[in-house]
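Here are the chains, one letter per residue:
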Amino acid sequence: MSQFNRAGRAMPPLPVPTRWLILAICLLQGFLLYYFFSDHAAIRYAGFSHNIYGQTMALTLPVLISLSVVQPGDRRFWGGTGLLILLLAGMAAWAKSNIAATSGDSVMAPFNLSLTLLVFFVLPWLQVQAFPADNRYRYANLSACYSQNTLCAMLTLLMMLLAVGVMALCAGLFRVIGIEYFHELFFDTPLFMHLVFGLLLGISIVTCRTQPALMNTTRNIIRFILKGLLPLVAFVALIFLFALPFTGLTVLSQAWSAASLLTTMALGILLLVNVVRETDHAEKPYPRAVRLLVNAAILLLPVYAALALYSTGLRVSQYGWTPQRLWAVLVISVTLIAALCYSFSVIDKRPDWLPRITQFNKPLSLLVVILVMAVNSPLLDPYRISVNNQIARLDSGKTQAKDFDLKMLRFDTGRRGNEALTALQQHPAFTADPRLQATLKNMIAQTSRWGAYDDKERAALAENYRVEDAKKMIQLAKGAVSPDDTWWKNLPQLDEYRNTLRDCHSLEGACIVNTLDLNNDRQKEVFLCNTLDTPSVNCRIYAREAGKWAQTGELYLYEEKDNPALITALRNGEVKPVTRKWADVQIDGKRRVIHYKHDEE
């Protein structure tokens, strides 16, 4: 740890027993991650929500302890760790309260991202507790901890990738001679792989904490490379801002990823500036002309964050709040504050280059920690804010019921969104429209955002299927001949892994069936279209193959908005076969399909 000695004093060396303790902790983490995250019987029966505390602690505590502990008997260290455990438990409890029965991923993904940010920004404050009291919270020490932790993460990732490559090579070699043992051990035994990754993490942490010369050399190499990159990025940032007045802000508002690109550029420059500006180093980098270029880019950096905030604000005003937009606003806001602080550093008259960065970075890191805690608490709950805002827009008429994003409530807002979906069944905008009511009920019943339903419910629907009911609910297109009874009887089997049958039984006339001769064999195929979701009508073609009905084709009719003319044409039977203009070819007795450019028009 002597690489941190910028004030003339070094951290205590890492004792040998502590090194073995770190390896043991990392191996334990591998086992805990296997237990809490692997899909095996014990976890499956326990239920997902019961393990969130274990998942949280397994992800964070071993890393925090391994990267921070020096003397296992240090009361100051364990006191800080205890406070972190209480904080993590509180965040886990709040996340658990937001998890719905089938949409845990929408809550856990941002929660795990929050844990990553929290560990990254809190860890240096825990690590410096081992420094001497007179310079414990000096920025040089915190900066060195951030640098070590980043290098440790990079080294761990590299070691894991190399280990996987070696194991894949070993398994492949032995497979060639018919031995499957190593492939099963390496890639079909989750516990083994978790323990291997835990061991590699421990080795990486011990290496980073006991090899200061190696870490300093690696840091200097990376800093040298990024130092050369900063002027190039600054030049790109400046010419973009100079070109923007000629194109106008309308282009940004129309671009889908404008805010993310602008924020990435701003964060990239902030990161590069921190790498280039060596802590407590008074020497100015670059020749004067290059330094002025970089200074100009830093001075105009708030413009990038402001434009990103403007672009995101347009989306919020047009479509309302979502958890993703709230996260985006928080990230952009922190970026804007940091950009303003760095701009003030540029105009500082002191002789050092960007002298106030070391003063700004500590409160900025604490701001990130506070926001992460707030967004995982009742103070700034993104799910409550998003759901309340979307319902308010529906009630005020800003969002029409037909345009309301039911999928977002079902799968992106956790328990609150699901409770709001249930309440919408009594909302006048949905009770007045049978199609919307059926769509709402189907959305509540879905178990995934791709339209899957519970297997038991699907089985019950097939068991209770009656041909008479199906003929009543599915509309026969005008002028069409009804499919024969064998097709009607086999419809549940034909739709075994689809949701068409459910949609057809949800609303009378939502599905339209037609019969057409699509292959000139003088036998009519069945053309069944599901129009319940009017912007994305899907049709399926069924034909007899070897005396049995089977699905032979699909057609998806995506529209940007409702298209009543399209559905009317389906109801009126205005569907005609069109022979392909360009033919396929036969080579060596086999048909070869040619994909013509005309097919894409």
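Residues numbered from 1 in each chain as written. Predicted model: local features only at pLDDT ≥ 70, side-chain atom pairs only at ≥ 80, totals over all residues. Heavy atoms only, no water.

Visitor: Let's hear about the packing of aromatic side chains: which residues, and what values?
Guide: Summed over the entire model, instances satisfying the criterion amount to 15 aromatic pairs. Aromatic pair F120 and F121: ring centres 5.2 Å apart, planes at 90°, arrangement edge-to-face. Judged by relative accessible area, which is 17%, F121 ranks as buried. With centroids separated by 6.0 Å and ring planes inclined at 45°, the aromatic side chains of F182 and F186 adopt a geometry described as tilted. Placement of the pair is F182 and F186 together in helix α7 (residues 181-187), with a separation of four residues, close to one helical turn. Pairwise contacts between aromatic rings join F174, Y181, F182, F186, F187 and F192 into one cluster. The cationic tip of K227 hangs over the ring face of Y286; the distance from NZ or CZ to the ring centre is 5.8 Å. (Phe/Tyr/Trp six-rings, centres within 6.5 Å; stacked < 30°, edge-to-face > 60°. Buried < 20%, exposed > 50% of the residue type's maximum accessible area, 1.4 Å probe, protein only. Helix = DSSP H or I, 4+ residues; strand = E, 2+ residues; numbered from the N terminus. Lys NZ or Arg CZ within 6 Å of the ring centre and 35° of its normal.)

Visitor: Please set out the sheet that holds strand β1 (residues 475-476) residue by residue, giving values where relevant.
Guide: In space, the five strands of this open sheet follow the order β1-β2-β3-β4-β5, with mixed pairing throughout. The open sheet terminates on both sides in strands that have one partner only, identified here as β1 and β5 (548-558). Pairing between strand β2 (residues 511-516) and strand β3 (residues 525-530): six bridges, direction antiparallel. What sits directly across from V513, in β3, is L528. Those strands touched by helix α23 (residues 485-494) are β2, β3, β4 (536-545) and β5, and its axis lies near 70° from that of β5. Set on the sheet, helix α25 (residues 564-571) makes contact with β1, β2, β3, β4 and β5; between it and β2 the angle comes to about 50°. (Pairing = 2+ DSSP bridges. Contact = heavy atoms within 4.5 Å. Axes fitted to C-alpha atoms, helices over the stretch in contact; angles between N-to-C directions.)

Visitor: Account for the pairing of β3, naming residues and giving values.
Guide: Of all six residues in β3, six are buried, a share of seventy percent or more. Burial along β3 is two-sided: the residues E525, F527 and C529 and V526, L528 and N530 are all buried. As judged from the five bridges shared by β3 and β4, these two strands associate in the antiparallel manner. Within the sheet, the bridge partner assigned to L528 lies in β4 and is R540. Connecting β3 to the next strand, β4, in antiparallel fashion are five residues.

Visitor: So what's going on with a nonpolar patch on the surface? Which residues, and what values?
Guide: On the surface, L229, L232, F235, V236 and I239 cluster together to form a nonpolar patch covering roughly 420 Å² of accessible area. Given the relative accessible area of 35%, L229 is considered partly exposed. (Patch = residues over 30% accessible without salt bridge, like charges linked within 9 Å, V, L, I, M, F, W, Y side chains within 5 Å. Areas by Shrake-Rupley, 256 points an atom, 1.4 Å probe, with all protein chains shown as cover. Salt bridge = Lys/Arg side-chain N within 4 Å of Asp/Glu carboxyl O.)

Visitor: Which residues make up the side chain of T18, and what values go with them?
Guide: Its place among the elements puts T18 in helix α1 (residues 16-37). Here V70 takes part through its backbone oxygen, which lies 2.9 Å from a polar atom of the side chain of T18. If we skip the residues at most four places from it in the chain, T18 touches V69, V70 and P72. (Polar contact = N/O pair within 3.5 Å; in protein donor to acceptor, adjacent residues only side chain to side chain.)

Visitor: Quick rundown of helix α6 (residues 139-176)? Include the residues and the values.
Guide: Note that an α-helix has 3.6 residues per turn; residues three or four places apart therefore point the same way. For α6, which comprises 38 residues, the first-to-last C-alpha distance of 56 Å matches the rise-based estimate of 56 Å (1.5 Å per residue) to within 8%. Backbone geometry just after α6 places G178 at a positive phi near 85°. (Expected span 1.5 Å × (residues − 1).)

Visitor: Which residues make up the state of the cysteines, and what are the values?
Guide: For the structure on display, the rule yields two disulfides. What pairs with C504 in a disulfide is C511, and their sulfur atoms sit 1.9 Å apart. Sign of the S-S torsion, about -90° for the bond between C504 and C511, identifies this disulfide as left-handed. When sorted by exposure, C504 lands in the same class as C511, which is buried. The side chain of C529 participates in a disulfide bridge whose partner is C539; the two sulfur atoms lie 2.0 Å from each other. Around the S-S axis, the bridge from C529 to C539 shows a dihedral of about 105° and counts as right-handed. (Disulfide = S-S within 2.5 Å.)

Visitor: Quick rundown of the pairing of β2? Include the residues and the values.
Guide: Most of β2 is tucked away, with six of its six residues classed as buried. As judged from the two bridges shared by β1 and β2, these two strands associate in the parallel manner. Paired with L476 across the bridge in β2 is V513.

Visitor: Please set out the confidence of the model for the chain residue by residue, giving values where relevant.
Guide: Detailed reading of the predicted model is not advised wherever pLDDT is low. Predicted confidence across the chain gives a mean pLDDT of 87, with 91% of residues reaching 70 or more. When the elements of the chain are averaged for pLDDT, helix α2 (residues 41-46) gives the smallest value, 43, and helix α16 (residues 382-396) the largest, 95. For residues 1-9, every residue scores under 50 in pLDDT, and the model assigns this stretch 27 contacts once sequence neighbours within four places are set aside. Here residues 41-46 is a poorly scored stretch, pLDDT under 50, and it has seven contacts once near neighbours within four places are set aside; other chains count. (pLDDT = per-residue confidence, 0-100.)

Visitor: Which residues make up the nonpolar core, and what values do they have?
Guide: The biggest cluster of nonpolar side chains holds 48 residues, and the ones touching the most others in it are I22, L64, L88, F111, L118 and I205. Those elements that provide at least two residues to this core are α1, α3 (52-68), α4 (75-98), α5 (104-127), α6, α8 (190-210) and α15 (357-375). Residue contributions to this core peak at eleven residues, all from α5. Setting aside residues no more than four positions away along its own chain, F111 makes contact with T56, M91, A92, A95 and N376. Judged by nonpolar contacts, the second largest core, of 34 residues, contains M265, L270, V273 and L307. (Core = buried A, V, L, I, M, F, W, Y, C linked by side-chain atoms within 4.5 Å.)

Visitor: Let's hear about helix α11 (residues 258-276): which residues, and what values?
Guide: The end-to-end C-alpha separation of α11 is 27 Å, in line with the 27 Å expected for 19 residues at 1.5 Å each. Those residues of α11 not exposed but buried are A258, A259, L262, T263, M265, A266, I269, L270, L272, V273 and V276.

Visitor: Help me get a handle on the environment of E419, residues and values and all.
Guide: Along the polypeptide, E419 turns up in helix α18 (residues 414-424). Classification of E419 as partly exposed rests on a relative accessible area of 44%. Between the C-alpha atoms of E419 and L409, which are ten residues apart in sequence, the distance is 8.9 Å.

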